Amino acid sequence: SLPVPRPYLPREDAVDEEVRRDLDRWEADGEVSFTGRDGPRLFPATRAEALRALRRFTEKRLGSFGPWEDAVLSDDWAMSHSLLSPALNLGLLDPAECVAAAEDAYRSGAVPLSSAEGFVRQIAGWREYMWHLYWSLGDDYRHSNALGHHRPLPGWFTDLDAGAVTARCLATALTGVRDRAWTHHIPRLMILGNWALQRGWDPLAVTDWFHRSFADGYDWVMLPNVIGMSQYADGGRITTKPYLCGGAYINRMSDLCGGCAYRPDRRTGERACPVTAGYWYFLERHRPLLEGNQRVARSLHGLDRLTDLPEVVRQEESRGDAAP
Ligand SMILES: Cc1cc2nc3c(=O)[nH]c(=O)nc-3n(C[C@H](O)[C@H](O)[C@H](O)COP(=O)(O)OP(=O)(O)OC[C@H]3O[C@@H](n4cnc5c(N)ncnc54)[C@H](O)[C@@H]3O)c2cc1C
Ligand code: SF4
């Protein structure tokens with residue numbers, strides 16, 4: 001894991017106890033149902049807690065944000081991420097004060113530019129972009145389905161059944177969702193979202209799943225992130241190409257493939273990486289739609305050179321939606 005001080009952890013108090021009692025009672029009465037496993041509260045619930053979390057992040061963890069923001073480590077779920085999205089979305093923190101805190105840390109010489117800039121870009125860039133897109137794209141946007149994906153999500157995925165999954169990348173990401181209702185952006189986009197995209201799952205059902213399973217899920221932030229960025233269901237209104245990857249990308253950005261039963265460079269056979277095979281299977285299915293897109297041209301060129309493509313397609317069709 002990264003040599004970084006651990007993230008801020010709130011101390012639970014009598015209010016937490018009372019909330020847990022209420023939730024347990026409502027669940028027992030059948031009024032609500034929950035997903036994932038209960039555990040200690042990880043995110044701020046008051047303004048004072050949120051300010052402590054922001055301070056701890058900028059003082060102790062922001063410095064290594066830049067170099068590591070897109071990496072994934074199997075035994076370090078938080079890495080250098082801020083874990084501030086629930087507090088921001090609850091209105092406990094103002095995005096501008098988070099940006100100002102990062103800028104101050106940089107100007108005082110406490111953190112390098114790459115880390116301050118990376119964090120500011122996430123908030124002032126991505127978060128604000130998504131917020132304005134949500135209002136600009138309108139309510140019909142949620143029904144976009146440019147790729148014609150209609151498959152329902154399988155039970156192992158909706159139940160967050162990480163134990164049913166052999167593929168280490170997916171099992172690790174699902175474990176994070178099950179135990180913490182949070183993973184950072186790369187497992188969301190390039191592991192969970194990528195798998196849903198490859199398998200042709202219904203984009204609105206995928207959005208509902210993210211919304212229901214994550215601590216920071218809100219309609220305004222889920223719709224552009226899932227319908228647009230992750231599932232390319234809008235046909236490219238907010239991204240220039242689908243965020244799609246094979247095992248080679250996951251191998252490059254993480255330490256997950258080393259301990260996996262599959263090999264990221266194999267497309268067929270017993271040890272074939274399902275993410276790599278799924279990558280080619282997706283491109284083959286959507287070739288006509290993607291053909292005019294210059295940003296996908298190199299991948300489609302690679303597809304043309306695959307001599308075992310019929311075997312890959314057969315293998316992936318027979319996999320169906322079984323846990324990989
Ligand atoms: C498929 C998918 C679904 C997502 N769903 C949500 C969601 O429901 N709620 C949510 O807040 N974020 C969502 N995100 C964005 C991002 O993954 C999370 O904001 C981030 O992982 C939260 O962890 P953090 O606070 O440690 O973020 P850090 O990595 O520390 O980043 C700092 C802050 O930047 C903001 N941010 C960064 N990227 C985005 C983005 N794409 N959209 C909006 N804000 C962003 C967040 O407020 C975050 O707290 C999603 C991303 C993807 C790819
Ligand atoms: S080998 Fe494939 S399935 Fe296994 S962790 Fe790597 S990308 Fe995931």
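The shown structure was predicted, so the numbers you read here are calculated from the model rather than taken from an experiment.

Cut-off values and rules
Residues numbered from 1 in each chain as written. Chains lettered and ligands numbered in written order. Predicted model: local features only at pLDDT ≥ 70, side-chain atom pairs only at ≥ 80, totals over all residues. Heavy atoms only, no water. Helix = DSSP H or I, 4+ residues; strand = E, 2+ residues; numbered from the N terminus. Expected span 1.5 Å × (residues − 1). Polar contact = N/O pair within 3.5 Å; in protein donor to acceptor, adjacent residues only side chain to side chain. Near = heavy atom within 4 Å. Areas by Shrake-Rupley, 256 points an atom, 1.4 Å probe, with all protein chains shown as cover. Nonpolar A, V, L, I, M, F, W, Y, C, P; charged D, E, K, R; others polar. Domains from an automatic or database assignment. Axes fitted to C-alpha atoms, helices over the stretch in contact; angles between N-to-C directions. Parallel < 35°, antiparallel > 145°, perpendicular 65-115°, else oblique. Contact = heavy atoms within 4.5 Å. Buried area = accessible area lost by both parts, 1.4 Å probe. Salt bridge = Lys/Arg side-chain N within 4 Å of Asp/Glu carboxyl O. Buried < 20%, exposed > 50% of the residue type's maximum accessible area, 1.4 Å probe, protein only.

Draft legend 1. Structural context of helix 1 (residues 14–28). The terminal C-alpha atoms of helix 1 lie 21 Å apart, and with 15 residues this matches the ideal 21 Å at 1.5 Å per residue to within 8%. By the N-cap criterion, in which a side-chain oxygen at the helix start approaches the backbone nitrogen of a residue two or three places on, helix 1 is capped by Asp13, the distance to Val15 being 3.0 Å. A positive phi of about 75° marks Gly30, the residue just after helix 1.

Draft legend 2. Structural view of the site of ligand 1. The full set close to ligand 1 counts 30 residues, and His81, Ser82, Leu83, Asp216 and Met222 are the nearest of them. Here an oxygen atom of ligand 1 and a backbone polar atom of Leu83 are 2.7 Å apart. Within the side chain of Trp182, a nitrogen or oxygen atom sits 3.1 Å from an oxygen atom of ligand 1. When isolated, ligand 1 has an accessible area of 810 Å², and the protein chains bury 99% of it. Only helix 4 (85–89), helix 6 (113–137), helix 9 (185–199) and helix 11 (219–230) provide two or more residues apiece to the shell around ligand 1. Of the residues in the shell around ligand 1, the class split is 16 nonpolar, 11 polar and 3 charged. Structurally, the shell around ligand 1 is a two-domain feature, drawing no fewer than three residues from each of domain 1 (14–137) and domain 2 (155–319).

Draft legend 3. Representation of the packing of helix 6 against helix 11 within the structure. For the pair helix 6 and helix 11, interaxial distance at closest approach is 8 Å and the crossing angle is 95°. Regarding the angle of helix 6 to helix 11, the classification is roughly perpendicular. Two secondary-structure elements touch here, helix 6 through Trp126, Arg127, Met130, Trp131, Leu133 and Tyr134 and helix 11 through Asp219, Trp220, Leu223, Pro224, Asn225 and Met229. Within the contact of helix 6 with helix 11, the residues separate by chemical class into 9 nonpolar, 1 polar and 2 charged.

Draft legend 4. A look at the site of ligand 2. Around ligand 2, the structure places Ala167, Arg168, Cys169, Gly247, Ile250, Leu256, Cys257, Cys260, Tyr262, Pro264, Cys273 and Pro274. Contributions of two or more residues to the shell around ligand 2 are made by helix 8 (168–180) and helix 12 (247–253). Along the lines of polarity and charge, the residues of the shell around ligand 2 split into 10 nonpolar, 1 polar and 1 charged.

Draft legend 5. Layout of the domain arrangement of the protein chain. By the assigned domains, the protein chain splits into domain 1 (14–137) and domain 2 (155–319). On a C-alpha basis, the centroid separation for the pair domain 1 and domain 2 is 24 Å. The interface is formed by 31 residues belonging to domain 1 together with 30 residues belonging to domain 2. Of all residues in domain 1, the largest losses of buried area upon contact with domain 2 belong to Val72, Met130 and Tyr134, amounting jointly to 22% of the total for that side. The interface formed by domain 1 and domain 2 includes 0 salt bridges. In this assembly, domain 1 and domain 2 are joined by 13 residue pairs in polar contact (both at pLDDT 80 or more).

Draft legend 6. Representation of unusual backbone geometry. The phi torsion at Met79 lies on the positive side, around 45°, for a residue other than glycine. Turning to its location among the elements, Met79 is positioned in the loop between helix 3 (65–68) and helix 4. Classification of Met79 as buried rests on a relative accessible area of 2%. The backbone phi angle of Leu160 is positive, close to 55°, even though this residue is not glycine. Among the structural elements, Leu160 can be located in the loop between helix 7 (155–158) and helix 8. With a relative accessible area of 2%, Leu160 lands in the buried category.

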